Amino acid sequence: MVNKWPVTNLPVKAGNMVVYKAAEDTVSISNKDHFTIMYNTNIDHITMKINGWYFGKTSGLFGVHDNEPSNDLMTSFNKPTDNIDRFARTWEVGTSSCH
């Protein structure tokens, strides 16, 4: 279950994006060769893998992806923060939820 919703209608494909059940307790989102996000529902843990082509070319929740931990928590205003909640709120795009 994810957010108390059963994960039963997988896989789902939309263009190059695929959401699938990678294991009994893991849901994955993949965009071909670009990135994969894995969510382990048992331990509430997210793992992200990103193609090396994006080295230093990302921002937001992926971080900058340049092996420099000091700039991974850059707000959407390009300001560093050490407050995780503030960081996440600056990248929020809306209040709607998916069901």
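Residues numbered from 1 in each chain as written. Predicted model: local features only at pLDDT ≥ 70, side-chain atom pairs only at ≥ 80, totals over all residues. Heavy atoms only, no water.

1. Regarding the overall build of the protein chain
In terms of regular secondary structure, the protein chain is built from 1 helix and 5 strands. The helix and strand sequence of the protein chain, counted from the amino end, reads β-β-β-β-β-α. In the protein chain, buried positions account for 19% of the 99 residues. Carbon and sulfur atoms provide 54% of the accessible area of the protein chain, an area that totals close to 7,800 Å². (Helix = DSSP H or I, 4+ residues; strand = E, 2+ residues; numbered from the N terminus. Buried < 20%, exposed > 50% of the residue type's maximum accessible area, 1.4 Å probe, protein only. Areas by Shrake-Rupley, 256 points an atom, 1.4 Å probe, with all protein chains shown as cover.)

2. Looking at the packing of aromatic side chains
Each aromatic ring pair is specified by the distance between its two centres and by the angle formed by the two planes. Counted by the stated rule, this structure contains 1 aromatic pair. Here W53 and Y54 contribute two aromatic rings whose centre-to-centre distance is 5.0 Å and whose plane-to-plane angle is 85°, an arrangement assigned as edge-to-face. Given the relative accessible area of 57%, W53 is considered exposed. The ring of W53 carries the charged tip of K57 above its face, separated from the ring centre by 3.6 Å. (Phe/Tyr/Trp six-rings, centres within 6.5 Å; stacked < 30°, edge-to-face > 60°. Lys NZ or Arg CZ within 6 Å of the ring centre and 35° of its normal.)

3. Let's talk about the pairing of strand β3 (residues 26-31)
The element β3 is extensively covered by neighbouring structure, given that 5 of its 6 residues are classed as buried. Bridging between strand β2 (residues 17-23) and β3 involves 6 bridges; their strand directions are antiparallel. For K21, the partnering residue across the bridge sits in β3 and is V27. Counting the residues in the hairpin turn of β2 and β3 gives 2 residues. Sheet topology places β3 next to strand β4 (residues 35-40); 6 bridges connect them, and they run antiparallel. The residue of β4 that forms the bridge with N31 is F35. Between β3 and β4, which pair antiparallel and follow one another directly, the connecting turn spans 3 residues, one of which, K32, has a positive phi of 45°. (Pairing = 2+ DSSP bridges.)

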